[in-house]
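Per-entry structural report
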Amino acid sequence: MLFRSKDALLNIIGVLLILFFVIRTIFLIRDGSLENIFWLCNHAPLIFGIAILFRSSFWITAEISFVFTGVLVWVIDYFSKIIFDFHIFGSTAYLFLITNQGFFYVTSLIHLFSLPLAIWALLLIKKKEPSAWKGALVHAIVLTPFIVYFGKEYNLNCFLEPCISWIPSFYLYPIIAFIGYFILFVIPVNLILVKLLDKVS
């Protein structure tokens, strides 16, 4: 009975995350900005959802490791604006300038709930994946041509220029940001997830 309950819960989480992606995509199509689907936060719910439905702890861990730091920065900046009326990083300034309330709520929903739901699912599956960062690397490599194609005008995933207002841009920024993000954030988050699963298993 417990297994069935857990299985059903995982299915619900997976479907919910895919629904987040569908709703977001509808808004992007309506607004004529479908290129923004290549922002990691916009399509990660789809990967999370599919991975959860197929019980792929590797891809759940890979995507959590990939998005964790970026989403954390976004969430801190979001609440700093709501609570203190001040942007710590400046990464959500765009959101508070938009008058479209639907866009505001959908964007908030995806950023605030997708990652916690994915972590919850991983804790339910309880399978450690110490090399899942390699999946995140594959995802990053696949995204790179789209990021380069759309250029600095869209600056997808903050790859070509910093999204944090007080970090300066420089000639080799994309290469250093790519390597640095994986060494400083993706791989460590992957290892933290492994240790977390050690404690709950």
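Look above for the structure.
Residues numbered from 1 in each chain as written. Predicted model: local features only at pLDDT ≥ 70, side-chain atom pairs only at ≥ 80, totals over all residues. Heavy atoms only, no water.

**Quick notes on the overall build of the protein**
For the record, the criterion: Where helices and strands are cited, they refer to DSSP runs of H or I of at least four residues and of E of at least two residues respectively, numbered from the N terminus. C-alpha atoms define the radius of gyration in this analysis, and the globule rule sets the expected value at 2.2 Å times the number of residues to the power 0.38. Any pair of residues with heavy atoms lying within 4.5 Å of one another is described as a contacting pair. A positive count includes Lys and Arg, and a negative count includes Asp and Glu. His and the chain ends are not counted in either. For charged residues, the charge sits on one atom: NZ in Lys, CZ in Arg, CG in Asp, CD in Glu.
Along its length, the protein carries six helices and zero strands. Counting from the amino terminus, the protein carries its helices and strands in the arrangement α-α-α-α-α-α. Here the C-alpha atoms of the protein give a radius of gyration of 17 Å, agreeing with the 17 Å that 2.2 N^0.38 yields for 201 residues. A sequence separation of at least 24 residues applies to 68% of the contacts in the protein between residues at least 6 apart. For the protein, the distance from the average site of its 13 positive side-chain charges to the average site of its 10 negative ones is 13 Å.

**Regarding a nonpolar patch on the surface**
Selection criterion: Each patch is assembled from residues with relative accessible area greater than 30% and no salt bridge, linking like charges that lie within 9 Å and nonpolar side chains (Val, Leu, Ile, Met, Phe, Trp, Tyr) that lie within 5 Å. Every accessible area reported is derived by Shrake-Rupley at a probe size of 1.4 Å, with residue values counting cover from the shown protein chains alone. Any carboxyl oxygen of Asp or Glu that lies within 4 Å of a side-chain nitrogen of Lys or Arg is treated as forming a salt bridge with it.
Taken together, the side chains of F170, Y171, L172, I175, I176, I179, I183, L184 and F185 make up a nonpolar region of the molecular surface, amounting to roughly 980 Å² of accessible area. Following the sequence through the fold, F170 ends up in the loop between α5 (133-154) and α6 (173-200).

**Section: the packing of aromatic side chains**
Here is the rule: Centre distance within 6.5 Å is the pairing criterion for rings of Phe, Tyr and Trp, where only the six-membered ring of Trp is used; planes under 30 degrees apart are then read as stacked, over 60 as edge-to-face, and the remainder as tilted. Per-residue accessibility, obtained with a 1.4 Å probe over protein chains only, is compared with the maximum for each type, and a residue is labelled buried under 20%, exposed over 50%, and partly exposed between these values.
Inspection of every chain in the model, using the stated rule, returns 16 aromatic pairs. The interplanar angle of 40° and the centroid separation of 6.1 Å between the aromatic rings of F89 and W166 together place this pair among those described as tilted. Within this pair, whereas F89 is found in the loop between α3 (57-84) and α4 (101-125), its partner W166 is found in the loop between α5 and α6, the two being separated by 77 residues in sequence. On the basis of relative accessibility, which here comes to 55%, the residue W166 falls in the exposed class. Centre to centre, the rings of F150 and Y154 are 5.7 Å apart; their planes meet at 80°, and the pair counts as edge-to-face. Residue F150 and its partner Y154 are both found in helix α5; the two are separated by four residues, about one turn of the helix. We classify F150 as partly exposed; its relative accessible area is 22%. Ring pairing ties together the aromatic residues F66, F159, F178, Y181, F182 and F185, which thus form one cluster.

**Topic: the pattern of salt bridges**
This model, assessed by the stated rule, comprises five salt bridges. A salt bridge links K152 to E161; its shortest N-O distance comes to 3.8 Å. Overall, E161 belongs to the partly exposed group, its relative accessible area being 27%.

**A closer look at α4**
Note: α-helices contain 3.6 residues per turn, so residues at a spacing of three or four share the same orientation. Going by this rule: A helix is expected to span 1.5 Å multiplied by its residue count minus one. Note on bend: the value at a residue is the angle between axes fitted to the seven residues ending there and to the seven starting there.
Counted at 1.5 Å a residue, the expected span for α4 with its 25 residues is 36 Å, and the 36 Å between its end C-alpha atoms agrees. F113 marks where α4 bends most, by close to 30°; the proline P116 follows one to four residues later. One or two steps after α4, the chain reaches K126, where phi turns positive at roughly 60°.

**Here's the deal with the nonpolar core**
Applicable threshold: Here, the term nonpolar core denotes a set of buried Ala, Val, Leu, Ile, Met, Phe, Trp, Tyr and Cys residues that are joined through side-chain atoms within 4.5 Å.
Core analysis: the biggest nonpolar cluster contains 42 residues, and F48, I64, F66 and V67 have the highest contact counts within it. Examining the composition of this core, we find that 11 residues originate from one element, α4, more than from any other. Sequence-distant contacts of F48, that is, excluding residues within four places in its chain, are made with L17, I60, E63, I64, V67, S114, L115 and A118.

**Thoughts on the environment of A93**
Checked against the element boundaries, A93 lands in the loop between α3 and α4. Apart from residues lying up to four places away in sequence, A93 is in contact with D77 and H87.

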